[in-house]
Amino acid sequence: MIPIESAHIDGCLYHGQVSLDFAERLLGWGGKVAVPTTLNVSSLDRMTPSNVKLEKLDWEAAKRLMDAYETLGCKPTWTCAPYQLDARPRFGQHIGWAESNAIVFANSVLGARTNRYGDFIDICAAIAGCVPETGLHLSENRFASWLFRISVEKERWLVPELLYPLTGYLIGSQCGFAIPAIDGLPTGATEDDLKALGATAASSGSVAMFHAIGVTPEASSIDEAFSGRAPKQVVVLDDAAFQDAYTRLNTLREGDTITAVSLGTPHFSLSEFEKLLPLLHGKRRHASVEFFVSTSRSLIQQLKQTESARTLVNFGATVVVDTCTYITPILRQGRNEGAVMTNSGKWAHYAPANLGVHVALGSLQECVESAIQGKVCRC
């Protein structure tokens, strides 16, 4: 076993009685976390409870579960993007994180070290303060085995808001648990870009780490990413591959009526709000379209102190904290009734099965214009 310096818990999301039983059993044994521990999204928005439409018994159980994890000593962060918090892992630091997008971001972008710790194992690691010395905690297991080369001619696929989620979707759906290296991404990729790539790769597959050549900290070159070894698989991501991914993530066509727009999967960052707010200023969503932005409670507290909050209210946006719109019943349209636009590859991948809705994937600008027009718009 090796000591960890932090943990991030996904088991705080209520999936049924077993979730609550496990946490309360740990409390009954006097459990307390031994390392700084943050909490992933829950089943409730405790800042605006009316956002979530749970039955009373489930609502009460979800609240008890949240209370239990706080009593265990976890910090009530309630965000799927703990890497956006002030205290985040350093390069080479061993951590015990759950939540797929947080895991892949920590390993790939920050260079911290964690395996994919699932529900119940995550809180056990936090209480023990250690994890098995195996998997991605070991240097020899962090090298790439698949190489993906981006080779496109159409400029549309190089637009960041499509390039990163579609690349993530393609690599995840093909390499599964393997560690991919990606050659051909722009060297100016932002953390939000890499967040979108990793989140989608961890959703369409089980990617816990990727290397972007010349971008991520353990991949200054192909040779470093592969430790001098030849790739086991080489895949060219061409225009046809990107078109196929785009088609799979879009079940709505241009001009189709939408019932909602959902942004913030993973949770919106401050820089993403800085891009969104000018698009909303002086405008108003269509009366029949709900407009959701999911983010962390720490970030929304910052926004409330600025004119940003007024812009969101005037547009008719609903800010969701502590939870996520593809997991909990938040959308006004019920299961199998809605048509939703999103800029998130992860949301577009999961929502059809989770919610039964039709989905359109688009840029931030397209999402805003669609919300105003009440139909899928392409810019």
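Definitions and limits used
Residues numbered from 1 in each chain as written. Predicted model: local features only at pLDDT ≥ 70, side-chain atom pairs only at ≥ 80, totals over all residues. Heavy atoms only, no water. Helix = DSSP H or I, 4+ residues; strand = E, 2+ residues; numbered from the N terminus. Rg over C-alpha atoms; globule rule 2.2 N^0.38 Å. Buried < 20%, exposed > 50% of the residue type's maximum accessible area, 1.4 Å probe, protein only. Contact = heavy atoms within 4.5 Å. Lys, Arg positive; Asp, Glu negative; His and termini not counted. Charge placed at Lys NZ, Arg CZ, Asp CG, Glu CD. Pairing = 2+ DSSP bridges. Axes fitted to C-alpha atoms, helices over the stretch in contact; angles between N-to-C directions. Core = buried A, V, L, I, M, F, W, Y, C linked by side-chain atoms within 4.5 Å. Parallel < 35°, antiparallel > 145°, perpendicular 65-115°, else oblique. Nonpolar A, V, L, I, M, F, W, Y, C, P; charged D, E, K, R; others polar. Polar contact = N/O pair within 3.5 Å; in protein donor to acceptor, adjacent residues only side chain to side chain.

1. Describing the overall build of the protein chain
Across its full length, the protein chain carries 13 helices and 14 strands. Since a compact globule built from 379 residues should have a radius of gyration of about 21 Å, the 20 Å found for the protein chain is in line with a globular shape. For the C-alpha atoms alone, the extent of the protein chain along its principal axes is close to 55 × 55 × 35 Å. Within the protein chain, the fraction of its 379 residues that count as buried is 57%. Pairs at least 24 apart in sequence give 76% of the contacts found in the protein chain among residues at least 6 apart. Computed over 33 positive and 39 negative side-chain charges, the inter-centroid distance for the protein chain is 4 Å.

2. Quick look at the sheet that holds strand β13 (residues 339-342)
Spatially, the five strands line up as an open sheet ordered β12-β11-β10-β13-β14, and their pairing is parallel. Both outer strands of the open sheet, β12 (317-321) and β14 (358-361), are each paired with one neighbouring strand and no more. The average angle at which neighbouring strand axes cross in this sheet is 25 degrees, direction not considered. As defined by bridge partners, β13 adjoins β14 across four bridges and the pair is classed as parallel. Each residue of the ladder has a partner; that of Ala 339, found in β14, is His 358.

3. Describing the sheet that holds strand β3 (residues 37-39)
If you walk across this open sheet you meet the three strands as β3-β2-β4, and the pairing is parallel. This sheet does not close on itself; its edge strands, each paired only once, are β3 and β4 (96-97). As defined by bridge partners, strand β2 (residues 7-9) adjoins β3 across three bridges and the pair is classed as parallel. Of the residues in β3, the one forming a bridge with Ile 9 is Leu 39.

4. With respect to the environment of Trp 157
The residue Trp 157 is located in the loop between β6 (146-150) and α5 (160-175) in this model. Accessibility expressed as a relative area gives 0% for Trp 157, which makes it buried.

5. Considerations on the nonpolar core
By size, the foremost hydrophobic cluster in this structure holds 97 residues, and its most contacted members are Tyr 69, Ile 123, Leu 166 and Phe 242. Top contributing element to this core by residue count: α5, with eight residues. Setting aside chain neighbours within four positions, we find Tyr 69 in contact with Ile 9, Gly 11, Cys 12, Ala 23, Leu 39, Cys 74 and Ile 123. Counting 28 residues, the second-largest nonpolar core is a separate cluster that includes Leu 252, Val 261, Leu 299 and Phe 315.

6. A short note on the packing of helix α6 (residues 191-204) against helix α12 (residues 345-355)
Running from amino to carboxyl end, α6 crosses α12 at an angle of 25 degrees, the nearest separation of the two axes being 8 Å. As judged from the angle between their axes, α6 and α12 are roughly parallel. Between α6 and α12, the residues in contact are Ala 199, Thr 200, Ala 202, Ser 203 and Ser 204 and Gly 345, Lys 346, His 349 and Tyr 350, respectively. Across the contact of α6 with α12, the residue classes break down as three nonpolar, five polar and one charged.

7. A word on the side chain of Ser 6
Structurally, Ser 6 can be placed in the loop between β1 (2-3) and β2. With a relative accessible area of 13%, Ser 6 lands in the buried category. A polar contact of 3.3 Å, which involves the side chain of Ser 6, links it to the side chain of Trp 97. Those residues in contact with Ser 6 that sit more than four places away from it in its chain are Val 35, Pro 36, Pro 89, His 94, Ile 95, Gly 96 and Trp 97.

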